[in-house]
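The chain contents come next:
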Amino acid sequence: MKIACVQMDVAFGEPEQNFAKAEEFIKEAAKHKADTIVLPEMWNTGYALDQLGRLADGNGERTKKLLRRLAKNLKVNIIGGSVSTKKEAGFYNTMFVADRNGDIAAEYDKAHLFKLMDEHHFMNAGSKANLFKLDDIVCGGLICYDLRFPEWARLHTLKGAKIMFIVAEWPEKRVDHWQLLLQARAIENQCYVVAVNRVGSDPNNEFNGHSMVIAPWGERLLSGESREGIFYAELDLDEVDKVRKTIPVFQDRRTDLY
Ligand SMILES: NC(=O)CCC(=O)C(=O)O
């Protein structure tokens, strides 16, 4: 599976600009024969949390329409990063996934809200896991701060995920945590981790990308520097089974102890 990580800058509180840019990036990645294209977190509005009443996507309709159209026309899978959505109960940080047929394969509301960026004052947390199939491969999808909760990633790999997609607006000042935690999640879960972070800045933070693709043995297949652009990597899914056979962590877990 050829992966395209769209490490884009997000215009703060400017969905029109961001929708146009995301579309251009997706088209460019499709030209490079990507199978699966991944966008970053909250790419429609950025963390313009006090403007969500005006800016958030109503039930994600605009986002779903864009992703479905592009996925179907270009015959690609799209992990739509996440967008701010307005649903009946309030605002959410929502990931939509569209498959090559143009169907929505997943809708996931971020489960862990990040207090340091005030998310809990404005957003509601989701409470469902995010498992979906792309080209017959079981995948999981997490959003940014979710990465700090190993049990959450584990729950997805216990249910069969071989690729974990993680989308983020993870500030530069903690990028060392980002890199280490991503590598740890890949090694401990013996799965591919595909992680896309934004670049640029908003009124509160600087973001320096470092999107990463990590193999199940822990090798960094991609470390996306700090510039805006698309970064590519190839996944060989047989590697997951090989690594899980070599060190059978999933069989050796002491479920009688924990
Ligand atoms: N957008 C987020 O959830 C940021 C998480 C983060 O920066 C962290 O350190 O965790």
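Per an unreviewed UniProt entry, the protein chain is named Putative amidohydrolase, and its organism is Mesobacillus foraminis. Per UniProt, the protein chain carries the Sequence similarities (unreviewed entry) text "Belongs to the carbon-nitrogen hydrolase superfamily. NIT1/NIT2 family."

Visitor: Lay out the nonpolar core with the relevant residues and their values.
Guide: Ranked by internal contacts, the top residues of the largest apolar core, which has 49 residues, are Ile 79, Ile 163, Phe 165, Trp 178, Leu 182, Val 193 and Val 194. The element best represented in this core is strand E10 (residues 163–168), accounting for six residues. Val 194 has contacts with Ile 3, Cys 5, Val 38, Ile 163, Met 164, Phe 165, Ile 166, Met 212, Val 213 and Leu 235, leaving out every residue within four places of it along the chain. By size, the runner-up hydrophobic cluster in this structure holds 24 residues, among which are Leu 66, Val 76, Phe 96 and Ile 230.

Visitor: Which residues make up the site of the ligand, and what are the values?
Guide: Residues in close proximity to the ligand include Glu 41, Tyr 47, Lys 110, Phe 114, Met 117, Cys 144, Tyr 145, Arg 148, Glu 169, Trp 170, Pro 171 and Arg 174, which together make up its full environment. Take Arg 148: an N or O atom from its side chain is 2.6 Å from an oxygen atom of the ligand. Within the side chain of Arg 174, a nitrogen or oxygen atom sits 2.6 Å from an oxygen atom of the ligand. Relative to its unbound accessible area of 300 Å², the ligand is 100% covered by the protein chains. A per-class count over the shell around the ligand returns seven nonpolar, no polar and five charged.

Visitor: Tell me about the state of the cysteines, and name the residues and values.
Guide: Summed over the entire model, instances satisfying the criterion amount to zero disulfides. Of all cysteine sulfurs in the structure, the one in Cys 191 sits closest to Cys 139, which takes part in no disulfide; the separation is 10 Å.

Visitor: Talk me through the packing of aromatic side chains; I want residue IDs and the actual numbers.
Guide: Both the distance between ring centres and the angle between the ring planes are used here to describe each pair of aromatic rings. Applying the stated rule across the entire model yields five aromatic pairs. Aromatic pair Phe 114 and Tyr 145: ring centres 4.7 Å apart, planes at 50 degrees, arrangement tilted. Of the two residues, Phe 114 sits in the loop between strand E7 (104–109) and helix H4 (119–122) while Tyr 145 sits in the loop between strand E9 (137–143) and helix H5 (150–158), which places them 31 residues apart along the sequence. Residues Tyr 145 and Phe 149 carry aromatic rings whose centres are separated by 5.0 Å and whose planes lie at 85 degrees to one another, so their mutual orientation is edge-to-face. Taking the relative accessible area as the measure of exposure, Phe 149 reaches 24% and is therefore partly exposed. Three or more aromatic residues joined by ring pairs make a cluster, and in this case those are Phe 114, Tyr 145 and Phe 149. Lying across the ring of Tyr 232, Lys 2 places its NZ or CZ 4.9 Å from the centre.

Visitor: So, unusual backbone geometry: which residues are in play, and what are the values?
Guide: Glycine aside, a negative phi is what most residues show, and trans is what most peptide bonds show. Positive phi outside glycine occurs at Asp 135, with the angle close to 45 degrees. Tracing the chain through its elements places Asp 135 in the loop between strand E8 (131–134) and E9. With phi around 50 degrees, Gln 190 is a residue other than glycine that occupies positive phi space. Counting through the fold element by element, Gln 190 comes out in the loop between helix H6 (175–189) and strand E11 (192–197).

Visitor: How would you sum up helix H1 (residues 15–31)? Please name residues and give values.
Guide: The terminal C-alpha atoms of H1, which comprises 17 residues, lie 24 Å apart, in line with the 24 Å expected from a rise of 1.5 Å per residue. Taken residue by residue, H1 has Pro 15, Asn 18, Phe 19, Ala 22, Glu 23, Phe 25, Ile 26, Ala 29 and Ala 30 as its buried positions. In a view along the axis of H1, the buried residues occupy a sector of 165 degrees, so they form one face of it. The outward face of H1, more than 90 degrees from its buried face, is lined by the exposed residues Glu 16, Glu 24 and Lys 31.

Visitor: Before we move on, can you summarise the side chain of Glu 23 with the specific residues and values?
Guide: Among the structural elements, Glu 23 can be located in helix H1. A relative accessible area of 15% places Glu 23 in the buried class. In contact with Glu 23, other than residues within four places in its own chain, are Leu 66, Arg 69 and Leu 70.

Visitor: Now, about the environment of Lys 64: what can you tell me, with residues and values included?
Guide: Mapped onto the elements of the fold, Lys 64 is located in helix H3 (residues 61–74). Judged by relative accessible area, which is 17%, Lys 64 ranks as buried. Here the alpha-carbon distance between Lys 64 and Gly 80, two residues 16 residues apart in the chain, equals 8.8 Å. Beyond its immediate chain neighbours, meaning those up to four positions away, Lys 64 contacts Asn 59, Phe 96, Ile 104 and Glu 107.

Rules used throughout
- Residues numbered from 1 in each chain as written.
- Predicted model: local features only at pLDDT ≥ 70, side-chain atom pairs only at ≥ 80, totals over all residues.
- Heavy atoms only, no water.
- UniProt positions renumbered as here; feature names shortened; annotations may be inferred.
- Core = buried A, V, L, I, M, F, W, Y, C linked by side-chain atoms within 4.5 Å.
- Buried < 20%, exposed > 50% of the residue type's maximum accessible area, 1.4 Å probe, protein only.
- Helix = DSSP H or I, 4+ residues; strand = E, 2+ residues; numbered from the N terminus.
- Contact = heavy atoms within 4.5 Å.
- Near = heavy atom within 4 Å.
- Polar contact = N/O pair within 3.5 Å; in protein donor to acceptor, adjacent residues only side chain to side chain.
- Areas by Shrake-Rupley, 256 points an atom, 1.4 Å probe, with all protein chains shown as cover.
- Nonpolar A, V, L, I, M, F, W, Y, C, P; charged D, E, K, R; others polar.
- Disulfide = S-S within 2.5 Å.
- Phe/Tyr/Trp six-rings, centres within 6.5 Å; stacked < 30°, edge-to-face > 60°.
- Lys NZ or Arg CZ within 6 Å of the ring centre and 35° of its normal.
- Expected span 1.5 Å × (residues − 1).
- Arc of directions from axis to C-beta.

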